[in-house]
Every structure is written in structure tokens, then in C-alpha cells.
Amino acid sequence: MTDAHALADAYFDYRQSTDLFRLFSFGQVDNLDRWEDVSSASLAERQDRLREFADEAEVMLQGGTDIDLADRVLLDSIVFTARSGAIQLQQRTEQALVNPAFGFHNTLLTFIGRFALGTAEHGAAYLDKLRNLPALFEAMAIELRTSAADGRVALERHLNASASTIENRLASPTGPDDPLCAQPAPTELDEAAAAAWMAERDLIVADEVRPALAAHAAVLRELAGQGRSDDAAGIMHTNGGVELYDELVWSHTTLDLTPQQIHQIGLDQVAKLAEEYVAIAGPIFELNNVDDILTHLRDEPSMKYQSGEDIVRDATVALDRAAEVAPDWFNALPEAECTANEIPQGPLAFYSTPDPDTGKPGRFFFNTSEPSAWSTYQLEAVTFHESIPGHHLQLAIHAETEHLHPAQRRLGITAYLEGWGLYTERLADEMGLYSSELARVGMLSADSMRACRLVVDTGMHALGWSRQEAIDYMLANSPLSLRLVEGEIDRYIGMPGQALSYMIGRLELDDMRAEAAQSPDF
């Protein structure tokens, strides 16, 4: 074993023992019974340890002339993911975990019932995870109150909205439709043991989990009185927020760009897209003004979905079409299958990585709580982004490539991950995957969202824009519905810098491809 691999082993083991929210959202059974330690002392210790790992990797890189290319790449990945991980821990508890779009309550309801439990030991650990949930909420309450006292608090609107989501969930009785009681029993249990296990699961949810959620909602209501106003949407309005945002920009893009430079890149991309809308969508609707085109795309009722079942059906058709032609375009394809699924809460769309160890497949999800928020022309681009040739092709291959170190397979770089997803929306057009000219307009719509993200994320967090200013800009420069735009803006407020990774990553991949095309070996 090389020194690089020994360091990578220690680094990955440390991340697996501490990044438990990541394991939870990926459905991994490592440390299944535990929740992440959100205390200030733990977060500070983790930041210090991550920086130490990065320093150790840099020393190896600088001093080892005989390090082969594979180990150099491995060490580079440790340097970046460790440093960026330390940065992203700085604002997570008081901003991201209480966010109405991506907060922990939504993550909990989305993923708590989606583990691939096989053994009785898995089952016991899962029940312990439920039992340990109240302690997590108690620790979060301590940190949220402390952060608020230090001037680091989420928006009043967000705290109240997150409390309302929890309260609305608790207003529905425990039963088969309760996501807290959706986890199937471990597959190795016989019928009687499985029934007993599910009965214990439901009892823990009723007696311990639901009261803990109610208490968490009460804490959010309490803190809302100290919450920031919509006019102070960005973290620049919190203590240390200006400097932190500069660091977050680097951690999510890998590039030494200022927020002002990224803001201008976004404005330039929006202007380019206006020309494409006129060229591609204009003839379809017999319109030659981009504002009229965007309004028509947003408001035309015949292009709205009416049911979640229809969304999943059309996504599955597009996925099947992509899977059929993928062998003509890619030498490596994943073994894991990928499926489209609807879900009643959480992000608008997202992908869940397969796990070769448990047999968990790749899944991508659509939030169908309001089907009419989805336009029919948007669906194919989203499907290709989340599945094939997008995240499924990318992340399932990562998971299945055994010669890569787990630190490379499981610890992602946001600009690459999301840049690839966006890149493949245009690649899908080259592959002939869009079923119509109108579906190609969905590719433009997705580009608009990501270009606008550069403008509004930097606008709020570095230039002082209000929440409403960000909403107004996105409505004026994309065909997204008001409901989708509001959800997007609330997400960016709670995850500063993350939204920059998509378009910045895509543009970097475009540049890399253009450079490669100049090679005589291309």
C-alpha cells in the first residue's frame, strides 16, 4: 500500500464516521444507528481534522517526485474535498438544516423509509436510529439558539415555513401513507419477525419520533421571532457572511472567481439564451420576442401536468429511450438499473445513487406535490440530467468502479457532479434524445435556471439583493412558474454558493471538450 492510499484510507474512514447526513441521504448502511453530531465542538473538531488531512496530502504532493499519476490524482482529490468540506461545515446548521426547500425535516421525510435493509442486524440498527432521533433534534435546538444569539439565523419566513411543513405532516395520522413508517422490514426476516419489526418501528415513531418532530417545530417557531427579513436574504447579512461566501464560491466551483465575476458570467449566459429562445421556440409559437416566449411557456395551461403518475410515465419513456442509445455513445455503462419515482416533498428533482453492497438501485425523484408546477416540455431535460446520460451514468459508474479509491467514488466535487448533469442536457440533444422541438425548449429552460442561479445567488449573498429581487429576476429571465422560482430562491438562500456549481461546472466541461477536440488524438 502506498502512503497516498494509507492517507486516503484514514481520510475516507473519518468521513464515513462523521458525514452521517450524507450517508443517510444516500441510503448507506454504514453507521446506520447513528446521527451526525451537530454540536459546535464537533463541527470545529471536524473542520480542524479535515484541514489536517488536506495539509498532509499537500505535503506528500510537494515532496514526492516518485508519486505516480493515480496517486497524485487521489491526493489532489483529498486536498480539495477536505478543504471544501471544512468550509461548508461553517454555516450548515443555522442555514441549510432549517431551510424549507432542503432542510433536515424534508431530508428525513424523503429518505427515512428508503434503506435497503437485508439482515436482522440492519433492522436493529435502523430501530436504534429512530430512537436516537430525539437526541439529534435536541442538539440542533442548542446550536440553533446559540447561532441566533451570535447573529447567525435563518430567514423568519424559512423558519416558519419549515415549522409548518412539520406540523402539517404531524396532522396526518400514523399509517401506511406516513413516510416515517415507510421503511420495509429487513429482507431476511420471516413473515412473523417482519410483522413484529414493523410494529416496533411504528411504536417508536408514534411515541418518540413524532413528539421530537413537534418539539423541533416549536423551536423553529420560537427562533422565527429572531429570523432575518426577506430584505436580508443573503449570508452577507450575518456575522462573517461576506468572507464566508467568498470561500463557499471556491468550495462549490473549484475556481478562484469572485462573486462579481460569476454574476457577470450569469448575465452573459442569460443574454445568449434569449437568442436561442427566439431561434428554437419562436417558430413553434409564432413569437419573435423573448419576453412573450417566456410568458407563453410559463402560462400556457395545455403544457401543465395534472398528475404525478403522468410525470413518472413520461420520465420513464425518456429514460428508456436514453438507455437504448447509450451504448452507442459510451464505452462504460453501469450495471445498476435506474428508475423514475414521485415523492410528495423535498427538492423538485434529485437523484439517489445505487449501492452495490446492498443492491439498492439508482433512483431519481420528482416532487409531485403540485403536478401543475411541472410543464410537459421541461420533463425530458430533467430526466436526462438526473438519469442517463446524467447523474446515473456518472454516479453509478463511480460506485461500481472498484479500482478507484472510495474517497474518489463516494466524496464528490460539486462543480464536476452538477456540471456533468447540466452538460448532459445539451449532450442529450447531440444524441437525438429529445422527442420534439418543444422538448428541446426544455433544455433551454433548464439552462435558464442555471444561468439565473449565477446572477441571483451572487446577487443575494454578495450584492445585497432581497428575496423578492431574486424572484423577480428569475421570473423575468426564465419560463419557470412562480412556485418553482420561489422554491429555487429559498433553496439558494439556505445553501449559499451551491447553485453556482451547475453552470460554472458545465462551462468548464465545455472548455475541456473544446481543448480536447484540438488534440490530434481526438
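Residues numbered from 1 in each chain as written. Predicted model: local features only at pLDDT ≥ 70, side-chain atom pairs only at ≥ 80, totals over all residues. Heavy atoms only, no water.

Across its full length, the protein carries 21 helices and 3 strands. Against the 2.2 N^0.38 benchmark of 24 Å for 522 residues, the protein shows a C-alpha radius of gyration of 23 Å, consistent with a compact globule. The dimensions of the protein, computed from C-alpha atoms along their principal axes, are 60 × 60 × 50 Å. Scored against the burial criterion, the 522 residues of the protein give a buried share of 55%. Per element, the accessible surface of the protein, about 21200 Å² overall, is 52% carbon and sulfur. Averaged over its 38 positive side-chain charges, the protein has a centre that lies 3 Å from the centre of its 83 negative ones. (Helix = DSSP H or I, 4+ residues; strand = E, 2+ residues; numbered from the N terminus. Rg over C-alpha atoms; globule rule 2.2 N^0.38 Å. Buried < 20%, exposed > 50% of the residue type's maximum accessible area, 1.4 Å probe, protein only. Areas by Shrake-Rupley, 256 points an atom, 1.4 Å probe, with all protein chains shown as cover. Lys, Arg positive; Asp, Glu negative; His and termini not counted. Charge placed at Lys NZ, Arg CZ, Asp CG, Glu CD.)

Before going further, it helps to spend a moment on the sheet that holds strand β2 (residues 349-352). A sheet is described by the order of its strands in space; here 3 strands give the open sequence β1-β3-β2, paired in mixed fashion. This sheet does not close on itself; its edge strands, each paired only once, are β1 (338-343) and β2. On average, each strand axis in the sheet is inclined to that of its neighbour by 25°, with strand direction left out of account. Where β2 meets strand β3 (residues 362-367), 4 bridges bridge the pair, whose relative direction is antiparallel. Note on β3: the bridge partner recorded for A349 is F366. (Pairing = 2+ DSSP bridges. Axes fitted to C-alpha atoms, helices over the stretch in contact; angles between N-to-C directions.)

With that out of the way, let us pick up the packing of helix α11 (residues 259-285) against helix α21 (residues 501-517). Viewed as axis vectors pointing N to C, α11 and α21 meet at an angle of 75°, and their least axial separation amounts to 11 Å. Judged by the inter-axis angle, α11 sits roughly perpendicular to α21. When α11 is examined against α21, the residues I262, I265 and Q269 are found in contact with a partner set consisting of M503, I504, R506 and L507. Classifying every residue of the contact of α11 with α21 gives 5 nonpolar, 1 polar and 1 charged. (Parallel < 35°, antiparallel > 145°, perpendicular 65-115°, else oblique. Contact = heavy atoms within 4.5 Å. Nonpolar A, V, L, I, M, F, W, Y, C, P; charged D, E, K, R; others polar.)

Okay, the packing of aromatic side chains next. Taken as a whole, this structure holds 18 aromatic pairs when the rule is applied. Ring geometry for F115 and Y126: centres 6.0 Å apart, planes at 70°, overall edge-to-face. On the criterion of sequence distance, the pair formed by F115 in the loop between α6 (104-111) and α7 (120-149) and Y126 in helix α7 is long-range, its members being 11 residues apart. For F115, a relative accessible area of 6% corresponds to the buried category. With centroids separated by 5.4 Å and ring planes inclined at 85°, the aromatic side chains of F366 and W374 adopt a geometry described as edge-to-face. Accessibility assignment for this pair places F366 and W374 in one class, buried. Pairwise contacts between aromatic rings join F21, F24, W35, F104, F111, F115, Y126, F137, W197, F350 and F365 into one cluster. Here the guanidinium or amino end of R49 rests over the ring plane of F53, the centre of that ring lying 3.7 Å away. Over the aromatic face of Y502 sits the side chain of R453, whose NZ or CZ is 4.3 Å from the ring centroid. (Phe/Tyr/Trp six-rings, centres within 6.5 Å; stacked < 30°, edge-to-face > 60°. Lys NZ or Arg CZ within 6 Å of the ring centre and 35° of its normal.)

With that out of the way, let us pick up the confidence of the model for the protein. Per-residue pLDDT for the protein has a mean of 93; in total, 99% of the residues score no lower than 70. Of all secondary-structure elements in the protein, the lowest mean pLDDT belongs to helix α5 (residues 92-96), at 78, while helix α19 (residues 467-477) reaches the highest, 98. (pLDDT = per-residue confidence, 0-100.)

β3 sits mainly inside the fold: 6 of its 6 residues count as buried. With 6 bridges joining them, β1 and β3 adopt parallel strand pairing. Among the inter-strand pairings, A340 is bridged to a residue of β3, identified as F364.

For the rest of this paragraph, the subject is the pattern of salt bridges. As enumerated under the stated definition, the model contains 32 salt bridges in all. In this structure, the salt-bridge partner of E222 is R145, at a minimum N-O distance of 2.9 Å. One end of the pair, E222, is in helix α9 (residues 191-224); the other, R145, is in helix α7, and 77 residues separate them in sequence. For R145, a relative accessible area of 38% puts it in the partly exposed group. (Salt bridge = Lys/Arg side-chain N within 4 Å of Asp/Glu carboxyl O.)

Let us now look at helix α15 (residues 391-400). Burial runs high along α15: 8 of the 10 residues are buried. Among the residues of α15, H391, H392, L393, Q394, L395, A396, H398 and A399 are the ones counted as buried. Tucked into the core, α15 has its buried residues touching β1, β2, β3, α14 (379-386), α16 (406-410) and α17 (414-430).

Here we come to the packing of α11 against helix α12 (residues 290-299). Close contact between α11 and α12 brings their axes to 9 Å; oriented N to C, the two are set at 60°. Note on packing geometry: the crossing formed by α11 with α12 is left-handed. Contacts from A274, Y277, V278, A281, G282 and F285 in α11 reach V290, I293, L294, H296 and L297 in α12. For the contact of α11 with α12, the per-class residue count stands at 9 nonpolar, 2 polar and no charged. (Left-handed = near helix turned anticlockwise from the far one by under 90°.)

Relative to the assigned elements, N106 resides in helix α6. Within the structure, the side chain of N106 is placed 2.6 Å from the backbone oxygen of P100, a separation counted as a polar contact. (Polar contact = N/O pair within 3.5 Å; in protein donor to acceptor, adjacent residues only side chain to side chain.)

Take the side chain of R228 next. Here R228 shows up in the loop between α9 and α10 (241-253). Given the relative accessible area of 8%, R228 is considered buried. In terms of polar contacts, R228 uses its side chain to reach the backbone carbonyl oxygen of V153, at 2.5 Å. From its side chain, R228 meets the backbone oxygen of A233 in a polar contact 2.7 Å long. Other than its neighbours up to four places away in sequence, R228 contacts Q95, V153, A154, L155, E156, A233, G234, I235, H237, T238 and I493.

Counted at 1.5 Å a residue, the expected span for helix α13 (residues 308-325) with its 18 residues is 26 Å, and the 26 Å between its end C-alpha atoms agrees. Regarding α13, the residues found buried are G308, I311, V312, A315, A318, L319 and A322. Viewed end-on, α13 has its buried residues packed into an arc of 130°, placing them on one side of the element. Those residues of α13 that are exposed and angled more than 90 degrees off the buried face are E309 and E324. (Expected span 1.5 Å × (residues − 1). Arc of directions from axis to C-beta.)

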